[in-house]
Amino acid sequence: MTLLIVFSCIALLILMIAVFKINAFLAFLVVSLFAGIGLGLPLIQIAAAVEKGIGDVLGSLVIIITTGAMLGKLVAESGAAQKIAQVMVGVFGTRYIQWAMVITGFVIGIPLYYGIGFVLMVPLIFSIVYRYKLPAIYIGLPMLAALSVTHGFLPPHPSPAALVVQFKANMGLTLGYGMLVAIPAILIGGPLFAKTLKKIPSNPMASFIAKELPDQELPGTFISLFTALLPVILLGLAALLPLVLAPSSSVIPVITFLGQPSIVMLLVLILASYFLGIARGKSMDYLSQIFGDALKDIAMVLLIIAGSGALKQILTASGVSTEIAGYLQVLSIDPLLLGWLIAALIRFCVGSATVAGLTTAGIILPLMTATHTDPNLMVLAVGAGSLMFSHVNDSGFWLFKEYFNLSLTDTFRSWALMETIVGTVGLIGILILKTMIS
């Protein structure tokens, strides 16, 4: 009955948005209320759960998305994205530009949270798309597949890093195994799958369609690359320095503070405003107009993501994930496959890869210990499962849809199917790896 209610709510949401053309944020709110009532939450708790879900998802994303949008708009308008695109095409050529995007997404994705990587890379994707007249999904999806896989499989991302601790796995070994599994998942879910999507119509968000500038007006290669990569550098240093400094060092609290994603994005935006704006003779009025335009463009994106957070919280508060896991725990199958399956179904019902991974951990841990399953492989299996079945209750689904300006159908055909491919290929890779090391 619980699964039937969840499926019915998801179907109602799709129907309201796709068929009746109801604003997605309002549709989320209405469906969240129905879901809370149907799943038996006390009426007095439903409104509080909706508000908590909106607050939780915006609390973690609003600074990153808004500063990222402002930075992206500045990178596009200043010509920095155009310059980076020229450099990448000069190195790889348009024929192999997909592979350049995959490599960039993988390198950027290891230290960056998914949301930051997404909003930073979108201007670069759109710059290449418009300058060289290439299909947006064909160019963009491989990079985003790489970002997604690193988010689900590889420490230091929150879910895999937490799973390493809970399963008492080895961080370095998990990262090494994760690299072996991640590469085929990215290649199949990214460049190979994207070849089938060339004809999907996409008119990406107008905020990142900057006019072509003459070469003499473009910022230098170093400044363009430095501005785009600075978040990666800062977050990488924040992760590395505490490992080489003494735990008692007075510098560590400062590094921890400066390494918070929201602080990093704010610092980078300030520096980019100087290097790409003030230092090149632009006024503060010019910068304020760019930033204001960027915020107007992503206001509805933020509201839609907030709505997805409301539905996610209703599903979490109702105990859907625990109930599903209880049904599956009695199945007599390989623990790695069971961990993947539990995470996949929780991800489908709740929408959050991190919630799916961490919920699964507490359920599968006793079985993993009893069967002496390799904890490093279990981290990867749960991570792969947590990427499966992304759809309307996942904020990443809406980020992709709104930025690339796709229909719901085409978002399922591209984004949702890509996530399912990388999760499935990841599982296959993990099972193969198990036979090789056992």
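All values derive from a computational prediction rather than experimental measurement. (Residues numbered from 1 in each chain as written. Predicted model: local features only at pLDDT ≥ 70, side-chain atom pairs only at ≥ 80, totals over all residues. Heavy atoms only, no water.)

Explain the packing of helix α4 (residues 80-92) against helix α5 (residues 97-109) to me, and be specific about the residues and the numbers.
The N-to-C vectors of α4 and α5 enclose an angle of 115°; their axes lie 9 Å apart at closest approach. Taken as a pair, α4 and α5 cross one another with a handedness that is right-handed. Only Ile 97, Ala 100, Met 101, Ile 103 and Thr 104 of α5 make contact with α4, whose side of the interface consists of Met 88, Val 89 and Phe 92. Here the contact of α4 with α5 is built from residues that sort into 7 nonpolar, 1 polar and no charged. (Axes fitted to C-alpha atoms, helices over the stretch in contact; angles between N-to-C directions. Helix = DSSP H or I, 4+ residues; strand = E, 2+ residues; numbered from the N terminus. Left-handed = near helix turned anticlockwise from the far one by under 90°. Contact = heavy atoms within 4.5 Å. Nonpolar A, V, L, I, M, F, W, Y, C, P; charged D, E, K, R; others polar.)

Describe helix α9 (residues 171-194), and please don't skip the residues or the numbers.
The sharpest bend along α9 reaches about 25° and sits at Leu 187, with the proline Pro 191 one to four residues further on. Here α9 has its buried residues at Thr 174, Tyr 177, Gly 178, Val 181, Ala 182, Ala 185, Ile 186, Gly 189, Gly 190, Pro 191, Phe 193 and Ala 194. At the N-terminal boundary of α9, the capping side chain belongs to Asn 170, with an oxygen 2.8 Å from the backbone nitrogen of Leu 173. (Bend = angle between axes of the 7 residues up to and from the residue. Buried < 20%, exposed > 50% of the residue type's maximum accessible area, 1.4 Å probe, protein only. Polar contact = N/O pair within 3.5 Å; in protein donor to acceptor, adjacent residues only side chain to side chain.)

Can you lay out the environment of Ser 318 for me, pointing to particular residues and giving the numbers?
Mapped onto the elements, Ser 318 comes out in the loop between α13 (284-317) and α14 (320-329). In this structure, Ser 318 is in contact with Leu 39 and Leu 41, ignoring residues within four places of it in sequence.

Account for the packing of aromatic side chains, with residues named and values stated.
As enumerated under the stated definition, the model contains 12 aromatic pairs in all. When the ring centre of Tyr 138 is taken as reference, the NZ or CZ atom of Lys 198 above it lies at 4.6 Å. It is Lys 282 that lies over the ring of Tyr 286; its NZ or CZ is 5.1 Å from the centre. (Phe/Tyr/Trp six-rings, centres within 6.5 Å; stacked < 30°, edge-to-face > 60°. Lys NZ or Arg CZ within 6 Å of the ring centre and 35° of its normal.)

Residue-level account of the nonpolar core, with values.
Inside soluble globular proteins, nonpolar side chains tend to come together where they are buried. Judged by nonpolar contacts, the single largest core of 142 residues is most densely connected at Phe 118, Phe 153, Phe 167, Trp 398, Tyr 403 and Phe 404. Every residue in contact with Phe 404, bar those within four places of it in the chain, is listed here: Phe 118, Ile 125, Phe 126, Ala 136, Ile 137, Gly 140, Leu 144, Ser 202, Asn 203 and Pro 204. (Core = buried A, V, L, I, M, F, W, Y, C linked by side-chain atoms within 4.5 Å.)

Which residues make up the side chain of Ser 78, and what values go with them?
Position of Ser 78 among the secondary structure elements: in helix α3 (residues 43-78). A polar contact is formed between the side chain of Ser 78 and the backbone oxygen of Val 75, at a distance of 3.3 Å. Polar side-chain contacts of Ser 78 include one of 3.3 Å to the backbone nitrogen of Ala 80. The residues contacting Ser 78, other than those within four sequence positions of it, are Leu 213, Glu 217, Pro 219, Leu 276 and Arg 280.

Go over unusual backbone geometry, please, and point to the residues and values.
The backbone of Lys 133 shows a phi angle near 55°, a positive value even though the residue is not glycine. Tracing the chain through its elements places Lys 133 in the loop between α6 (114-132) and α7 (136-153). Phi at Phe 389 takes a positive value of approximately 55°, unusual for a residue other than glycine. By the secondary structure assignment, Phe 389 is in the loop between α17 (375-385) and α18 (395-404).

Describe in detail a nonpolar patch on the surface, supporting the description with residues and values.
Taken together, the side chains of Val 91, Phe 92, Tyr 96, Trp 99, Ile 103 and Val 107 define a hydrophobic patch exposed on the protein surface, amounting to about 570 Å² of accessible area. Those elements giving two or more residues to the nonpolar patch turn out to be α4 and α5. The dominant element in the nonpolar patch, judged by the number of residues it contributes, is α5, at 3 residues. Residue classification places Phe 92 among the partly exposed positions, given a relative accessible area of 32%. (Patch = residues over 30% accessible without salt bridge, like charges linked within 9 Å, V, L, I, M, F, W, Y side chains within 5 Å. Areas by Shrake-Rupley, 256 points an atom, 1.4 Å probe, with all protein chains shown as cover. Salt bridge = Lys/Arg side-chain N within 4 Å of Asp/Glu carboxyl O.)

How would you explain the pattern of salt bridges if you had to name every residue and give the values?
One pass over the structure, following the stated rule, counts 7 salt bridges. A salt bridge links Glu 419 to Arg 347; the nearest nitrogen and oxygen atoms lie 3.0 Å apart. A residue pair is termed long-range when its members are at least 10 positions apart, and Glu 419 in helix α19 (residues 408-437) and Arg 347 in helix α15 (residues 335-350) qualify at 72 residues. Arg 347 matches Glu 419 in its accessibility class, with the two residues each being buried. Arg 413 is the salt-bridge partner of Asp 410, the closest N and O atoms lying 2.8 Å from each other. Remark: Arg 413 and Asp 410 occur in helix α19; sequence separation between them is 3 residues, near one turn of the helix.

Just give me the short version of α5, but keep the residues and values in it.
With 13 residues, α5 extends 18 Å between its outermost C-alpha atoms, agreeing within 8% with the 18 Å of an ideal straight helix rising 1.5 Å per residue. For α5, a buried count of 10 out of 13 residues is recorded, marking the element as mostly surrounded by other parts of the structure. Listing the buried residues of α5 in full gives Ile 97, Gln 98, Ala 100, Met 101, Val 102, Thr 104, Gly 105, Phe 106, Ile 108 and Gly 109. Those residues of α5 that are buried are in contact with α4, α6, α7, α9 and α10 (221-244). (Expected span 1.5 Å × (residues − 1).)

I'd like a rundown of the environment of Lys 434, residues and numbers included.
As for its position among the elements, Lys 434 is in helix α19. Overall, Lys 434 belongs to the partly exposed group, its relative accessible area being 31%. Along the sequence, Lys 434 and Thr 373 sit 61 residues apart, while their C-alpha atoms lie 9.6 Å from each other. Sequence-distant contacts of Lys 434, that is, excluding residues within four places in its chain, are made with Asp 334, Leu 336 and Leu 377.

Residue-level account of the side chain of Thr 2, with values.
Relative to the helices and strands, Thr 2 resides in helix α1 (residues 2-19). When residues no more than four places from it in sequence are discounted, the contact partners of Thr 2 are Leu 39, Val 320 and Glu 323.

Please give an account of the packing of α15 against α19 that cites residues and values.
Packing of α15 against α19 brings their axes to within 11 Å, and their N-to-C directions diverge by 165°. It follows from the interaxial angle that α15 and α19 lie roughly antiparallel. Seen from above, α15 lies across α19 with right-handed handedness. Seen from α15, the contacting residues are Leu 336, Leu 337, Trp 340 and Arg 347; seen from α19, they are Glu 419, Gly 423, Thr 424, Leu 427, Ile 430, Leu 431 and Lys 434. Class assignment of the residues belonging to the contact of α15 with α19 gives a composition of 6 nonpolar, 2 polar and 3 charged. (Parallel < 35°, antiparallel > 145°, perpendicular 65-115°, else oblique.)

All we've got here are geometric facts, nothing functional implied.
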